[in-house]
Structure formats: C-alpha cells, structure tokens
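In case you want the letters, here they are:
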Amino acid sequence: MTAGLTRGDARDDLARVERIVRDAARLMTQADRAHLGTRLKTSRRDMVTAYDRAVQDRLVAALAADFPGVGFLCEEGGELSQRDGVRFVIDPIDGTANFVHGTGVSAVSVGLVDGADPVLGVVYEPFSDECYAAAAGHGATRNGVALPQVEDVQLADALVCVGSSPYFPDLYQRTMDLLARRAREFNDIRRDGSAACDCCYVADGRYGLFFEMSLAPWDFAAGALVARECGAWVGTMEGAPLTYADRVSVLAGAPRAAEAFLKGEGH
Ligand code: IPD
Ligand code: CA
C-alpha cells in the first residue's frame, strides 16, 4: 500500500492518479484559445491563464475525493501549501508560456510525496498524448508501456536540455554564462520550456541531461521520479538529493553525463 493512502497498492494508486490527470488535461485541449484569460504573475515572462486554475481545481476536487486525508502543495493557490507529510504536489500546467503561445510541450504534473520521499508521479502532455507515470521502486511507463533503463551516455554524446530559470534575471544570466563556458562539452543544447517534460525526456532517452538552476517542487516532483525510476541520476546541481518543500536546482541525466557535469562545476 502506498504510504499515507487508504486502499490499493502503489500501482493501483498510480492508475487512479493517471485517470484523474488525463481527465483534467482535457481542459487544455478543449481550451478556447481566443480567451485564455492570461495574466502576469511575478514578471512579464511569468504567466498564468484561467486554465491553470481550472485544471488545478479539477485535479484537487478529484484527488481529494479519491484520496481523503492527503494534503496538497499546488502552484496556483497559496492556500493549498502543505510542505511536509503526505501531499500531492501539483503543477496544473507546466509550460504555461508554451500553452499561451501554442507551441505544445505543456503538461499536467502530479507527484505524491511523503516527507522527502517521492512516491508516485504522473506527467501528461495532452498535445502529444504522452503520459509518463512512475511509482517508487516499480519503474516507469509511457502510455502504459514500461520504459527501459536510460542509456548511460557520456556528456559529449548527450543532448542537454536547459531550463533557463526565466523568472529570475540573475539565474537566467548565470545559465547563459554556464552555457558559454560548457556547452562545447555537450553534444548540443535544447530548451523545451516544461521542466516536468524535460525530466521525462531524460527518462525516455531523448536527452542525456537536463538542468535548471531554480525550480519549485511542483515543477519536478513527478518528472524527477519518472527519471529516477529509469535509472537516471537525479539531484541538485550541487550534487545533493532533491528536497520537496522549497525551490532547489535540479539536475537529471544519464549517470556518466551527470557525473561529468558535476565534476566540471567543482562538485
Ligand atoms: C516553468 C517551466 C519552465 C521552467 C520554469 C518553470 P511554469 O513552469 O517548467 O520550463 O524554465 O522555471 O517555472 O511556470 O510554466 O509552470
Ligand atoms: Ca511549472
């Protein structure tokens, strides 16, 4: 039985969460694109739409009904901000800027975390219809098919996906400086714009490495578990384990690529 939940084993719980996530994500594909209700949050790069809140409300209502007693930590909604214990960690639309600009790569991301331990994770990208799901110790799937362990590529062979920390000007600049310093060590760089998807694309081998200097728990709780369950190295850019209460840097990748990256940063 999944810690803190009342029925089923981890894979049953995961299937229930996956159904709830897929249902909520229909709000994104059925969105009235002429009326997204876009507003700015902390800066002109940091957007939220009426659909972010609508997806979150649908997720919370369904999860609360199905998993009574489990708390919530949600991107859109300070009132739902349990930072310890057993909680769903929710990013209703990760990649909101992509959603607004219509470029795809925007996902519903729901993790279940017990204290500092990720238990379940579902990341569903409805525009490509790719659903990643993982339960700690049980591996990960994409659209129900088990994902193999990641190929242990070297940094020189790794396509490196970069998260630019767009809402933090100083970190944005530091990211560009890091790339200027180190990108020649990589096969090449990519920027997709959804940390949840970025982690899952490490899990399925598209990328050999992903890093971002500052992410909130809801950006990575689910995706990092998917990557870890596929044998990726997952932690902070300082080489420490991830935590799930406040913002941290995130590094996920093939173990050899991650080790070489960390060594080059002096860790
Ligand atoms: C953002 C995306 C983006 C990352 C930002 C996140 P949001 O989440 O994951 O890729 O670079 O740091 O905040 O704002 O679209 O939910
Ligand atoms: Ca996010």
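Worth saying up front: this structure is predicted, and the values here are computed from it rather than measured.

Novice: Sorry if this is basic, but what is going on with the overall build of the protein here?
Specialist: A count of helices and strands for the protein gives seven helices and 14 strands. On C-alpha atoms alone, the protein measures out to a radius of gyration of 17 Å, which is about the 18 Å that the 2.2 N^0.38 rule sets for 267 residues. With respect to the three principal axes, the spread of C-alpha positions in the protein is 50 × 40 × 30 Å. Out of the 267 residues belonging to the protein, those deemed buried represent 54%. Across the protein, contacts joining residues at least 24 apart in sequence account for 63% of those joining residues at least 6 apart. As presented, the protein carries roughly 11,100 Å² of accessible surface, and 50% of it is formed by carbon and sulfur atoms. Separation of charge centres in the protein, based on 27 positive and 38 negative side chains, amounts to 2 Å.

Novice: When you look at the site of ligand 1 in this model, what are you seeing that I'm missing?
Specialist: Around ligand 1 lies a shell of 15 residues, among which Asp 94, Gly 95, Thr 96, Tyr 167 and Glu 212 are the nearest. A distance of 3.1 Å is found between an oxygen atom of ligand 1 and a side-chain nitrogen or oxygen belonging to Glu 75. Notes on ligand 1: free accessible area 380 Å², of which the protein chains cover 97%. Contributions of two or more residues to the shell around ligand 1 are made by strand E4 (86-94) and strand E12 (209-215). Among the elements that take part in the shell around ligand 1, E4 stands out by supplying three residues, more than any other. When grouped by side-chain class, the residues that make up the shell around ligand 1 number five nonpolar, four polar and six charged. Counting residues domain by domain, the shell around ligand 1 receives three or more from each of domain 1 (10-146) and domain 2 (155-263).

Novice: Please explain the pattern of salt bridges as it appears in this structure.
Specialist: Any two side chains of opposite charge can pair if their charged atoms end up close together. Considering all chains together, one arrives at 19 salt bridges under this definition. Between Arg 206 and Glu 130 there is a salt bridge, with the nearest N and O atoms lying 2.8 Å from each other. One end of the pair, Arg 206, is in the loop between helix H5 (195-203) and E12; the other, Glu 130, is in strand E7 (residues 130-135), with 76 residues separating them in the sequence. By relative accessible area, which is 36% here, Arg 206 ends up partly exposed.

Novice: Would you explain the side chain of Ser 164 in this entry?
Specialist: Mapped onto the elements, Ser 164 comes out in the loop between strand E10 (159-163) and helix H4 (169-182). Polar contacts involving the side chain of Ser 164 include one to the side chain of Arg 191, which spans 3.3 Å. Beyond its immediate chain neighbours, meaning those up to four positions away, Ser 164 contacts Leu 171, Tyr 172, Thr 175, Met 176, Arg 191 and Glu 212.

Novice: Just to check I follow, could you spell out the packing of aromatic side chains for this structure?
Specialist: The geometry of an aromatic ring pair comes down to the distance between the two centres and the angle between the two planes. In total, this model carries nine aromatic pairs according to the counting rule given. Taken together, the ring pairs connect Tyr 51, Phe 99 and Phe 127 into an aromatic cluster. The residue whose ring lies beneath Arg 22 is Tyr 124, and the NZ or CZ to ring-centre distance is 4.7 Å. The cationic tip of Arg 33 hangs over the ring face of Phe 99; the distance from NZ or CZ to the ring centre is 5.4 Å.

Novice: Just to check I follow, could you spell out the pairing of E12 for this structure?
Specialist: The side chains of a regular strand alternate between both faces of the sheet. Taken across its seven residues, E12 has seven buried, putting it largely inside the fold. Judged from the four bridges that link them, E10 and E12 form a sheet pairing that is parallel. Each bridged residue has a counterpart across the sheet, and for Gly 163 the counterpart in E12 is Glu 212. The sheet contact formed by E12 and strand E14 (residues 248-253) spans five bridges and is antiparallel. Across the sheet, residue Phe 210 finds its bridge partner in E14, namely Ala 252.

Rules used in this analysis
Residues numbered from 1 in each chain as written. Chains lettered and ligands numbered in written order. Predicted model: local features only at pLDDT ≥ 70, side-chain atom pairs only at ≥ 80, totals over all residues. Heavy atoms only, no water. Helix = DSSP H or I, 4+ residues; strand = E, 2+ residues; numbered from the N terminus. Rg over C-alpha atoms; globule rule 2.2 N^0.38 Å. Buried < 20%, exposed > 50% of the residue type's maximum accessible area, 1.4 Å probe, protein only. Contact = heavy atoms within 4.5 Å. Areas by Shrake-Rupley, 256 points an atom, 1.4 Å probe, with all protein chains shown as cover. Lys, Arg positive; Asp, Glu negative; His and termini not counted. Charge placed at Lys NZ, Arg CZ, Asp CG, Glu CD. Near = heavy atom within 4 Å. Polar contact = N/O pair within 3.5 Å; in protein donor to acceptor, adjacent residues only side chain to side chain. Nonpolar A, V, L, I, M, F, W, Y, C, P; charged D, E, K, R; others polar. Domains from an automatic or database assignment. Salt bridge = Lys/Arg side-chain N within 4 Å of Asp/Glu carboxyl O. Phe/Tyr/Trp six-rings, centres within 6.5 Å; stacked < 30°, edge-to-face > 60°. Lys NZ or Arg CZ within 6 Å of the ring centre and 35° of its normal. Pairing = 2+ DSSP bridges.

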